[in-house]
Amino acid sequence: MPAPVPSATSPGASAADSALTSVTHPSPSSPDGDALISMLGVRKVFSQRQRSGTLRDVVRSLFRPTIRRVEALKGIDLTIRRGEIVAYAGPNGAGKSTTIKLLAGLLAPDAGSVRVIGMDPVRERARYVGRIGVVFGQRTELWWDQPVAASFEWKRVVWDVPRERYERMSRFVRELLGLDEFFQSLARELSLGQRMRADLGLALLHEPDVLFLDEPTLGLDVLAKRNILRAIKELNRERQVTVVVTSHDMGDLEELAGRIVLIHRGSIAFDGPFDRLRRDFAERRRLLLETGGDAAPVLDGAELQRSGAGRHEYLFDARRVKIADLLAQAGAQTPVLDVETHRESIDEVIANIYESWQRDGGSREDAAEVAPHG
């Protein structure tokens, strides 16, 4: 499988690169009777017409349009087992939403195979959609000028959900997501957090085996996020629903999932547990010193990040330098009044990885082909 990061042993490889390349990717072709989702060699290319706003280009594009080919996915191999919660992350334009749409049956791959619950999401779509739930954070399935209850009843009728299952799952999701307080309210009058909870409940109404969530906490406040995340974890724990979730909020993903898949320029660059990612970056620490003077001590082995009013923040690698040595250096230059040390947050870890990718090759669109068509 191609990896868009340099080898950990190559000159100039960063700590981020070393951590990424140290993970062994599970082989989707390995026999596993519990595998629920399988993507093998999946490729997806989009074509975009190119033209300027000039009249000349408008006329020319009618007869000889310029087509830009963007390779969104480049041979993705991915296996997800039953009952897993998998975080699927990457920079903007990396291919996250394209993957979700392929798994949901909204797009067909140009090459390779996609199998979920033993079915082809496109060719067996009518049967397949009854086994999955999909939530897009930027869209809603609710009828805008109708109460939430009407949207639930609409889904029961249109999807032909058996009455017994509907009643059972309706009670379950209303309790799980706290929907009763606004169940009779119009969808357009709900807060964003309430709408997301209602959309999640609607996606679960037919009792799916797999749940695909694309940015489910987008724009939510802290309490609304907590409620959504708690509900997803409880759903997975109690009913063994397999969950694939995308988000730019790494804290949310780490709280939800044990495994993270990072995609970059259409290829999987990392596939492994969060704790492995944490361990690889755990020695990258922040040191905060409060000193008796305003001048920041010069510390060999630590990089000064910010300084002001006697408080100074440094970044250092604990594998290369000991905190005691840094404190000794600081104490030799100025009185040290207080000390704090923190490891980087998961958001900072991922941001460092994304930054290294930008340095090493830019966005996936750099590889797009532009050619006249016709």
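Quick summary incoming for the structure in this document. Quantities reported herein were computed from a predicted structural model and do not represent experimental measurements. (Residues numbered from 1 in each chain as written. Predicted model: local features only at pLDDT ≥ 70, side-chain atom pairs only at ≥ 80, totals over all residues. Heavy atoms only, no water.)

### Quick notes on the overall build of the chain
For clarity, the threshold we go by: A run of H or I in DSSP becomes a helix once it reaches four residues, and a run of E becomes a strand once it reaches two; helices and strands are each numbered from the N terminus. We call a residue buried when its accessible area falls under 20% of the maximum for its residue type, exposed when it is over 50%, and partly exposed in between, using a 1.4 Å probe and counting protein chains only. Note on contacts: a residue pair is in contact if any heavy atoms of the two residues lie within 4.5 Å. With residues, only the protein chains shown are counted as cover, and all accessible areas are computed by Shrake-Rupley using a 1.4 Å probe.
Counting its secondary structure elements, the chain contains 12 helices and 14 strands. Looking at the 374 residues of the chain, the share that counts as buried comes to 46%. Looking at the chain alone, contacts between residues at least 24 apart form 73% of all its contacts between residues at least 6 apart. Carbon together with sulfur atoms contributes 48% to the accessible area of the chain, which is approximately 18,400 Å² in total.

### Brief notes about the pairing of strand β6 (residues 210-214)
Formally: Strands qualify as paired when DSSP identifies two bridges or more between them.
Within β6, five of the five residues are buried, which leaves the element mostly enclosed by the surrounding structure. Burial along β6 is two-sided: the residues V210, F212 and D214 and L211 and L213 are all buried. As paired elements, strand β5 (residues 132-136) and β6 share five bridges and run parallel to each other. Bridge pairing in β6 places F136 opposite D214. Pairing of β6 with strand β7 (residues 242-246) involves five bridges; the strand directions are parallel. Looking across to β7, one finds that L211 is bridged to V243.

### Observations regarding the sheet that holds strand β12 (residues 311-317)
Convention followed: Between N-to-C directions, angles cover 0 to 180 degrees, with each direction set by a line fitted to C-alpha atoms, over the stretch in contact for helices.
One open sheet accounts for four strands, arranged β11-β12-β10-β13; its pairing is antiparallel. Pairing within the sheet leaves two strands with one partner each, and these edge strands are β11 (302-308) and β13 (336-343). Strand after strand, the sheet turns through a mean of 20° between neighbouring axes, direction not considered. In this fold helix α11 (residues 323-333) packs onto β10 (284-291), β11, β12 and β13, with an angle of close to 150° to the strand it touches most, β13.

### Notes on the packing of helix α5 (residues 148-158) against helix α7 (residues 192-204)
How we decide: Convention used here: angles under 35 degrees read as roughly parallel, angles over 145 as roughly antiparallel, angles from 65 to 115 as roughly perpendicular, and any remaining angle as oblique. In a left-handed crossing the near helix is turned counterclockwise from the far helix by less than a right angle, and in a right-handed crossing that turn is clockwise. Nonpolar residues are Ala, Val, Leu, Ile, Met, Phe, Trp, Tyr, Cys and Pro. Charged residues are Asp, Glu, Lys and Arg, and all others, Gly as well, are polar.
The geometry of α5 relative to α7 is characterised by a closest axis approach of 10 Å and an angle of 20° between their N-to-C directions. Looking at the two axes, α5 sits roughly parallel to α7. In this structure, the crossing between α5 and α7 has a hand that is right-handed. Packed against α5, whose contacting residues are V148, S151, F152 and K155, the element α7 presents A198, G201, L202 and A203 at the interface. Here the contact of α5 with α7 is built from residues that sort into five nonpolar, two polar and one charged.

### Re the packing of aromatic side chains
Applicable threshold: Paired rings are identified among Phe, Tyr and Trp, the last through its six-membered ring, by centres lying within 6.5 Å, and are further divided according to the angle between planes into stacked (under 30 degrees), edge-to-face (over 60) and tilted (the rest).
Taken as a whole and judged by the stated rule, the model has two aromatic pairs. Measuring from centroid to centroid gives 6.0 Å for W143 and W154, while their planes differ by 70°, and the two rings are edge-to-face. With W143 in the loop between β5 and α5 and W154 in helix α5, this residue pair connects regions lying 11 residues apart in the sequence. By relative accessible area, W143 is classed as partly exposed at 44%. Given a relative accessible area of 29%, W154 falls into the partly exposed group. Note on F152 and F183: the rings are 5.1 Å apart at their centroids and 85° apart in plane angle, and the pair reads as edge-to-face. Here F152, found in helix α5, pairs with F183, found in the loop between α6 (163-177) and α7; they are 31 residues apart in sequence, far enough to count as distant. You can call F152 buried: its relative accessible area is 0%.

### Considerations on the nonpolar core
Convention followed: For this analysis, a nonpolar core means a set of buried residues of the types Ala, Val, Leu, Ile, Met, Phe, Trp, Tyr and Cys, connected via side-chain atoms within 4.5 Å.
Counting 55 residues, the largest nonpolar core has F152, L200, L211, I260, L262 and I350 as the members making the most contacts within it. In this structure, L200 is in contact with V135, L177, L211, L213, I228 and I232, ignoring residues within four places of it in sequence. Counting residues in hydrophobic clusters, the runner-up holds 28 residues, among them I80, Y88, F136 and I268.

### Some words on unusual backbone geometry
A positive phi angle, close to 55°, is found at I117, a residue other than glycine. With respect to the element layout, I117 can be found in the loop between β4 (111-116) and α4 (125-128). Backbone geometry places A309, a non-glycine residue, at a positive phi of 55°. Given the relative accessible area of 77%, A309 is considered exposed.

### Topic: the environment of P273
Relative to the elements of secondary structure, P273 occurs in strand β9 (residues 267-273). The spatial distance from the C-alpha of P273 to the C-alpha of E254 is 9.6 Å, given a sequence separation of 19 residues.

### Examining the side chain of N236
Selection criterion: Here a polar contact is recorded for every N or O atom pair within 3.5 Å, except that within protein the pair must consist of a potential hydrogen donor and a potential acceptor, and residues adjacent in sequence are included only if both atoms are side-chain atoms.
Locating N236 in the fold gives a position in helix α8 (residues 222-239). The class for N236 is buried, based on a relative accessible area of 12%. Separated by 2.8 Å, the side chain of N236 and the backbone oxygen of V241 make a polar contact. Beyond its immediate chain neighbours, meaning those up to four positions away, N236 contacts G83, E84, I85 and V241.

### Considerations on the pairing of strand β8 (residues 259-264)
Counting buried positions along β8 yields six of six residues, so the element is predominantly enclosed. The alternating pattern of β8 places R259, V261 and I263 on one face and I260, L262 and H264 on the opposite face, and all of these are buried. By the bridge criterion, four bridges tie strand β3 (residues 85-89) to β8 in an arrangement that is parallel. Across the sheet, residue Y88 finds its bridge partner in β8, namely V261. Judged from the six bridges that link them, β8 and β9 form a sheet pairing that is antiparallel. In the strand pairing of β9, H264 is matched with S267. Turn length for the β8-β9 hairpin, with the two strands adjacent in sequence and antiparallel, is two residues, and the turn residue R265 shows positive phi of about 55°.

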